[in-house]
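So you can see what is in the structure, the chains are spelled out below.
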Amino acid sequence: MSLMSFKEITQQTLADFKPQLEKFTKKDWLWTLSLSAVILWGAYALYRQITQGEIVTGMRDNVVWGLYIANFIFFIGLSYAGAIISAILHLLNVDWGKPIIRMAKLMTIFTVVIGPIFILLCMGRLDRLHHLFLYLRLQSPISWDVIAIATFFVGALLYLYVSVVRDFSILRTSDLKMSKTRKKFYKFFSLGYRNTPKQKKKLMLSLKIIALIMIPTVVVVSSVLSWIFGLTLRPGWHSTIFGPYFVLASIYSGVGVLILLMYYFRKYQHLTKYITIKQFKYMGYLMVILAATYGYFTFSEYFTDWYSSEKWSSELIHKLFSWDEFGGLFLFANLGGIALPLIVMAIPKWRTINAITIVAGVMVLAMWVKRYLIVIPTLETTLLPMQDTRVEYTNYSATWVEWALTFAGIAAFILMFRLASKVMPILPVWANSEIIAKENTIDPKSSAHV
Amino acid sequence: MTLNHQLMFSIKQKTPRFAILLISLLYVIQVGAQIGVEAELAYSKLADNTVSITATLADMEEYDPVIETEIAFFSRLGTEENFLGNATTDEEGMLVLEGVPFSKLLLDTAHRFYISYTIPDSTSYLAGGEVLSFQDVGIKLTFEEIDSVKQIVVQISSWDEGGEDVFIEDLDAYLFVPRLFSMLPVGEIYTEEEGIGMTPFPTDLPGGKQGEIVLFVQIQDSDEYGNVEIASKSNWALPSNGESADVPRTLWSPRPPMWMVITFALLMIGVWFHYGWIVLNMFRIKAGTSETDEINYEL
């Protein structure tokens, strides 16, 4: 291999993203239009919900939360996962993790935007939304969540921004074919960064501090989310383990979605050079550790409830184990969400990119089902005896409106990722160039040629 | 000259009787096209001395609800008439006219009144002849300690044709106290001699800080008197525990616990201070830029 300067390495790395950054192909249009159509379908469902009221959903007096809240927990969990995974990988300076850090950060931003929209959809009186701020009660877990998510959102934006400054500076000075507006955009947001020793020191310190801040912030915000449930006296929710259980479940499902994103961008942006079997295997190992811990938490949670045979808890456990009620979903959540990753990753020859991706896909679905099972069966287990009431008041069944908005959320997530990959390289160019330089050089301090 | 003008001209010129006949004929045709309406009416006299009238209207042909139709209510006595108010039926043909001052009702010497309705401006419906007729009652609610037992005493009376008081015996009345979502039933009385009924005051009824409470007496669904209620205050309920209202972690408590406020404030200050510091650092990076655009690619 001929010797190359670090500048040449960055230019070569950037060149791998050129097709994505320069062109908006027919395929891109097709994806954008298809995803927009799904989002529009959701918008129509939202219009129906606003004009006709929440009667168009399956939510009623007793089961006051449904798919929306399950989606909220799921998306916001992904957001927390993206932040904590990228922060840990950054602080540990793990080379294999560098190609996936930006995807994790983007996942954080997109899901923290999508997630809270679902909580708004649950609200019967959206016109009173501002009351949350006007009449904030600090003793309410809902208030904690509103403040926590807002704080987290700002932190996540800052975290992403600080980490893209270097890449924006490369893009600013690159020979990419781009419009003047776009050039101005890179110029403005790169802050005139030229990697002078002073600038580098400030940037690296800022990045380190924001990464450090994001870890406890994620633990706090994720726990606060769990306490919306855990601090009530309802069966299945009132649990001391709920805080760590939610933190763990968030990171676990986030790892799964990251594997799916890695597969998607590796395949469709031809990033095989950067995202290799190594990343898949290491993320797979992480998935196994989290699956085992999550499995232990799950067992501990349900075993305690089952053994104590407390009336309400027993009623809930019965629903979760009954084939006529939630038995099928509960089995899938545990097999797909816990057993499958453990089994597949235990056998070395199954540790392939395709197998790990499929397992991650099933696991992510199972984790969504788990969120559904946290919300619905508990709300269907009424605290007071219900007599002569309509079935739909105690038994939840999601309507097309809720499904349409759920799919709109997923479509928005994918669309945001596709559009973001048109504005910035989906992998950090500078950081990956550093790895290439490190792998090919004897003296990493050398500036001219490596 | 249009056809209408020709017709009007011929009516004016030839004979006024023809015009009267034509108008009468048109009126009969229009009335004939209207569907008769049947109404179920109910009356309630509330504790604030206002009246509420509820009605369910259906047409007499298919018994379909009379929807989105304005109904006018009147109190009539002989040739006198008082307009009480308008209300519009909903999708199920139901309406509620609320907040009518009781003083608007025209009472005879026995305090009997008559409420009727019309359907103004409707070409489709014709009001039935239903008339609500009830007699007003006087309910006296007192709290008396009899033989060391705190009693709720209710006396119900009415008026005879000469306007003299008449006590009502053998009548059920129900006792309620308002709670957060609805009225909590706390007892029932039955009037005997001199229209008096009594029941012991509940010993386990939580009230305000000094035990204050509002008690409602209701006569319900009486054919003679309708629904009538009155309210009166007492301070015989159990005084609420002032301490329980100050439990700091309840949503209705005036303030959260101090440790919660301090922890929250420290967390927020800690996190937002760092955010601010990072933003400041970003500005410093920008401030340190020079005219040259060249990036230093030193590792």
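For the structure itself, look to the data block above.
All of the points below concern the structure found in this document. Owing to the predicted nature of the structure, the values given are computational and were not obtained by experimental measurement. (Residues numbered from 1 in each chain as written. Chains lettered and ligands numbered in written order. Predicted model: local features only at pLDDT ≥ 70, side-chain atom pairs only at ≥ 80, totals over all residues. Heavy atoms only, no water.)

On to the overall build of chain B, then. Looking only at helices and strands, chain B features four helices and 16 strands. Counting across all 299 residues of chain B, residues that qualify as buried make up 36%. The long-range share in chain B, meaning contacts at least 24 apart out of those at least 6 apart in sequence, stands at 53%. (Helix = DSSP H or I, 4+ residues; strand = E, 2+ residues; numbered from the N terminus. Buried < 20%, exposed > 50% of the residue type's maximum accessible area, 1.4 Å probe, protein only. Contact = heavy atoms within 4.5 Å.)

In this section: the interface of chain A and chain B. Contact residues are listed per partner, giving 44 residues for chain A and 36 residues for chain B. Of the roughly 3600 Å² buried where chain A meets chain B, counting both sides, 69% is carbon and sulfur surface. Interface area lost by chain A to chain B is led by Gln139(A), Leu191(A) and Arg194(A), which between them contribute 20%. Here chain A is connected to chain B by zero salt bridges. Taken together, chain A and chain B are joined by six residue pairs in polar contact (both at pLDDT 80 or more). Of all elements in the fold, only helix H1 (6-15), helix H7 (141-173), helix H9 (197-230) and helix H17 (429-440) of chain A reach the threshold of two or more residues within the side of chain A that touches chain B. The element that contributes the greatest number of residues to the side of chain A that touches chain B is H7(A), accounting for 14 residues. Here the residues of the side of chain A that touches chain B sort into 22 nonpolar, 15 polar and seven charged. (Buried area = accessible area lost by both parts, 1.4 Å probe. Salt bridge = Lys/Arg side-chain N within 4 Å of Asp/Glu carboxyl O. Polar contact = N/O pair within 3.5 Å; in protein donor to acceptor, adjacent residues only side chain to side chain. Nonpolar A, V, L, I, M, F, W, Y, C, P; charged D, E, K, R; others polar.)

This next bit is on unusual backbone geometry. Keep in mind that most residues, glycine aside, have a negative phi and that most peptide bonds are trans. Residue and element names in this part refer to chain B. Phi at asparagine 49 is positive, roughly 65°, even though this residue is not glycine. With respect to the element layout, asparagine 49 can be found in the loop between strand S1 (35-45) and strand S2 (50-59). Classification of asparagine 49 as partly exposed rests on a relative accessible area of 42%. Despite not being glycine, serine 148 shows a phi value in the positive range, around 65°. Inspection of the secondary structure puts serine 148 in the loop between strand S9 (138-146) and strand S10 (149-159).

So, on to the side chain of Asn432(A). Relative to the helices and strands, Asn432(A) is located in helix H17. Owing to a relative accessible area of 3%, Asn432(A) belongs among the buried residues under this scheme.

The next subject is the packing of aromatic side chains. The relation between two aromatic rings is expressed through the spacing of the ring centres and the mutual angle of the planes. Per the stated rule, a full pass over the model turns up 55 aromatic pairs over all chains. Judged by centre distance (5.2 Å) and plane angle (45°), the ring pair of Phe242(A) and Phe246(A) falls under tilted. Of this pair, Phe242(A) and Phe246(A) both sit in helix H10 (residues 242-268), separated by four residues, roughly a single helical turn. Taken individually, Phe242(A) and Phe246(A) each receive the classification buried, so the pair is uniform in this respect. When the centroid spacing of 5.2 Å and the interplanar angle of 15° are considered together, the rings of Tyr245(A) and Tyr294(A) count as stacked. In this pair, Tyr245(A) sits in helix H10 while Tyr294(A) sits in helix H11 (residues 277-308), placing the two residues 49 residues apart along the sequence. The class for Tyr245(A) is buried, based on a relative accessible area of 2%. Taken together through their ring pairs, the aromatic side chains of Trp31(A), Tyr68(A), Phe74(A), Phe75(A), Phe110(A), Phe118(A), Tyr264(A), Phe265(A), Tyr268(A), Phe413(A) and Phe417(A) make up a single cluster. In this structure, Lys105(A) packs its charged tip against the face of Tyr159(A), placed 4.3 Å from the ring centre. Cation over ring: Lys45(B) sits above Phe102(B), and NZ or CZ is 4.1 Å from the ring centre. (Phe/Tyr/Trp six-rings, centres within 6.5 Å; stacked < 30°, edge-to-face > 60°. Lys NZ or Arg CZ within 6 Å of the ring centre and 35° of its normal.)

All names here are of chain A. Under the definition given, this model contains 14 salt bridges over all chains. Across the pair arginine 418 and aspartate 28 runs a salt bridge whose closest N-O atoms are separated by 2.6 Å. Within this pair, whereas arginine 418 is found in helix H16 (residues 400-423), its partner aspartate 28 is found in helix H3 (residues 26-52), the two being separated by 390 residues in sequence. Each member of the pair, arginine 418 together with aspartate 28, is buried. The closest approach of N and O atoms between glutamate 325 and lysine 319, which form a salt bridge, is 3.9 Å. Lysine 319 gets classed as buried once you look at its relative accessible area, which sits at 10%. By sharing partners, the salt bridges in this structure join Asp28, Arg418 and Lys422 into a single network.

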